[in-house]
Amino acid sequence: MDDEQLEGQAMLPPAPLRAQKGRGAVSNLQGRYEMHGREQFDDGWEQEEDGEPRVWKTHVTDEIAKSILTRNSSPDVPFDVSLNPYRGCEHGCIYCFARPTHSYLGLSPGMDFESKIFAKVNAPELLRQELARPSYVPEPIALGVNTDAYQPCERGLRITRRVLEVLHECGHPVGLITKSALIERDIDLLSAMAAKGQASAAITITTLDPAIARTLEPRAAAPARRLRTIRMLADAGIPVGVSIAPVIPFVTEPDLERVMEAAFKAGAMHANYIVLRLPWEVNPLFQQWLEAHFPDRAQRVMNRVRDMRGGKDYESDFGKRMKGEGVWADLIRQRAEKAIRRFGMEKRGSRFRQLDASQFKRPQVVPPAGAKAKAAAAAGQMDLF
């Protein structure tokens with residue numbers, strides 16, 4: 001190709017952003033720590049032979065983690081310690097606050113975040129080591145906060161299951177939050193722990209509209225399926241609540257009370273809500289999603305978001321980032337609190353704080369960290385479709 005052809009090609013406009021089936025992001029937006037800049041350009045490789053967009057295959061990479069417990073001092077969350085078995089999440093929720101963490105890996109918070117997953121295969125061994133330390137003081141661990149501990153690859157890898165087995169063995173309290181029905185697989189462990197006051201769960205439901213959920217959280221369980229999961233957990237004696245997060249003005253916000261009522265009827269004991277957060281790269285990714293799926297109301301949604309963030313797209317200060325501020329944030333708060341009182345539900349974090357750590361006992365067997373995990377990693381990587 002000569003210089004004139006290259007020059008003419010470079011002047012072509014970028015390809016329009018299009019929603020891709022089974023994916024939340026509509027682009028592979030550049031991460032803020034990438035060394036080389038890049039621009040979107042349609043060179044023909046983003047399409048299959050029939051003209052349809054290229055299918056992004058999920059790639060899961062084994063990771064040998066160096067540590068497994070994360071501690072925080074945020075007054076906005078009810079836990080101080082969390083454990084995340086995975087980095088990245090195939091559920092593909094466009095609003096996920098964890099998307100920017102993929103930038104630390106030199107990857108995109110867009111398509112890469114939901115298609116390039118890292119599995120901490122030595123998590124159970126690291127947890128045993130941590131719990132065995134003489135200085136370790138038990139307190140409830142939040143499991144699967146940053147990315148979902150029950151995302152699709154967990155079905156085969158069973159890392160979350162093995163982590164729960166360690167916690168069950170040691171009598172250690174745990175709280176889980178998920179959008180997946182796969183948590184039902186572990187009801188045997190969770191019900192036994194709940195009987196001792198050592199386990200609680202929350203199921204995230206943003207909307208009851210399956211069409212919206214299919215684009216907003218493309219690979220998570222359908223809303224009706226999540227309600228069934230609440231029922232199954234409640235029937236097994238596991239304290240379960242609903243997390244309505246995020247509340248997106250004019251998209252999921254109209255469903256606020258209906259979600260709470262449906263969850264209550266399914267057996268939810270407590271409820272929580274968080275308004276939409278747009279930190280770092282989540283902001284442009286979400287606005288791209290809005291333009292692709294709700295072009296008629298995109299500007300209206302963002303105007304209302306800014307009303308709740310002091311005129312900005314996002315405010316990260318403690319005390320403001322979860323609930324927002326101003327008239328519209330107050331209206332949402334009043335609606336949520338009235339619904340919680342009407343259904344006799346408990347507020348956010350109450351069950352988690354009540355979990356019992358007094359029965360904790362240190363693990364008797366503490367194998368060298370990563371012995372089995374290193375062998376698993378040496379076996380290679382796993383591709384999922």
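On a predicted model such as this, the values are computed, not experimentally measured, just so you know.

### So, the overall build of the protein chain
- Summing up its helical and strand segments, the protein chain has 14 helices and 11 strands in all.
- Within the protein chain, buried positions represent 53% of all 385 residues.
- Entry remark: accessible area of the protein chain is about 18,000 Å², with carbon and sulfur atoms responsible for 53%.

### Some thoughts on unusual backbone geometry
- With an omega of 0°, the peptide bond running from Ala245 to Pro246 counts as cis.
- Looking at the element boundaries, Pro246 is found in strand β9 (residues 240-247).
- Despite not being glycine, Arg158 shows a phi value in the positive range, around 60°.
- Relative to the helices and strands, Arg158 resides in the loop between α4 (154-157) and α5 (159-170).
- Looking at Arg158, the relative accessible area reads 37%, which means it is partly exposed.
- Unlike most non-glycine residues, Trp280 shows phi in positive territory, near 45°.
- Here Trp280 shows up in the loop between β10 (270-275) and α10 (282-293).

### Digging into α5
- Between its first and last C-alpha, α5 extends 17 Å over 12 residues, near the 16 Å set by a 1.5 Å rise per residue.
- Taken together, the buried positions of α5 are Ile159, Thr160, Arg161, Val163, Leu164, Val166, Leu167 and Cys170.
- Of the residues one or two after α5, Gly171 is the one with positive phi, at around 65°.

### Comments concerning the side chain of Thr178
- Looking at where Thr178 falls in the secondary structure, it is placed in strand β7 (residues 174-178).
- Polar contacts involving the side chain of Thr178 include one to the side chain of Asp148, which spans 2.8 Å.
- At 2.9 Å, the side chain of Thr178 and the backbone nitrogen of Ser180 are in polar contact.
- In this structure, Thr178 is in contact with Asp148, Tyr150, Ile183, Ala202, Ile203 and Thr204, ignoring residues within four places of it in sequence.

### As for the packing of aromatic side chains
- Inspection of every chain in the model, using the stated rule, returns five aromatic pairs.
- Pairwise contacts between aromatic rings join Phe286, Trp289 and Phe294 into one cluster.
- Between the NZ or CZ atom of Arg87 and the centre of the ring of Phe118, over which it lies, the distance is 5.9 Å.
- The aromatic ring of Tyr273 is capped on one face by Lys323, whose charged end is 3.7 Å from the ring centroid.

### Side note on the packing of α10 against helix α11 (residues 298-307)
- Viewed as axis vectors pointing N to C, α10 and α11 meet at an angle of 145°, and their least axial separation amounts to 9 Å. Here α10 contributes Asn283, Phe286, Gln287, Leu290 and Glu291 to the contact with α11, which in turn contributes Ala298, Val301, Met302 and Arg306.

### Here we look at the state of the cysteines
- Under the definition given, this model contains zero disulfides.
- Considering cysteine sulfurs only, Cys89 is the nearest to Cys153, which forms no disulfide, with 8.3 Å between them.
- A relative accessible area of 2% places Cys153 in the buried class.

### Considerations on helix α9 (residues 256-266)
- For α9, every residue scored as buried is listed here: Leu256, Val259, Met260, Ala262, Ala263 and Ala266. In an axial view of α9, the angular spread of the buried residues amounts to 165°, which keeps them on one side of the axis.
- Of the surrounding secondary structure, the elements contacted by the buried residues of α9 are α8 (223-235), β9, β10 and α12 (327-343).
- Among the residues trailing α9, Gly267 stands out with phi positive, at a value near 120°.

### Things to note about the sheet that holds β9
- Reading across the sheet, the seven strands line up as β2-β3-β6-β7-β8-β9-β10 and stay open at both edges, with mixed pairing between neighbours. The two strands at the open ends of the sheet, each matched to only one other strand, are β2 (69-71) and β10. In this sheet, adjacent strand axes meet at a mean angle of 25° when their direction is disregarded.
- As defined by bridge partners, strand β6 (residues 141-143) adjoins β7 across three bridges and the pair is classed as parallel. Considered in β7, the bridge of Ile141 is made with Val174.
- Contacting β3 (81-83), β6 and β7, α5 runs over the sheet at an angle of about 160° to β6.

Cut-offs used in this document
Residues numbered from 1 in each chain as written. Predicted model: local features only at pLDDT ≥ 70, side-chain atom pairs only at ≥ 80, totals over all residues. Heavy atoms only, no water. Helix = DSSP H or I, 4+ residues; strand = E, 2+ residues; numbered from the N terminus. Buried < 20%, exposed > 50% of the residue type's maximum accessible area, 1.4 Å probe, protein only. Areas by Shrake-Rupley, 256 points an atom, 1.4 Å probe, with all protein chains shown as cover. Expected span 1.5 Å × (residues − 1). Polar contact = N/O pair within 3.5 Å; in protein donor to acceptor, adjacent residues only side chain to side chain. Contact = heavy atoms within 4.5 Å. Phe/Tyr/Trp six-rings, centres within 6.5 Å; stacked < 30°, edge-to-face > 60°. Lys NZ or Arg CZ within 6 Å of the ring centre and 35° of its normal. Axes fitted to C-alpha atoms, helices over the stretch in contact; angles between N-to-C directions. Disulfide = S-S within 2.5 Å. Arc of directions from axis to C-beta. Pairing = 2+ DSSP bridges.

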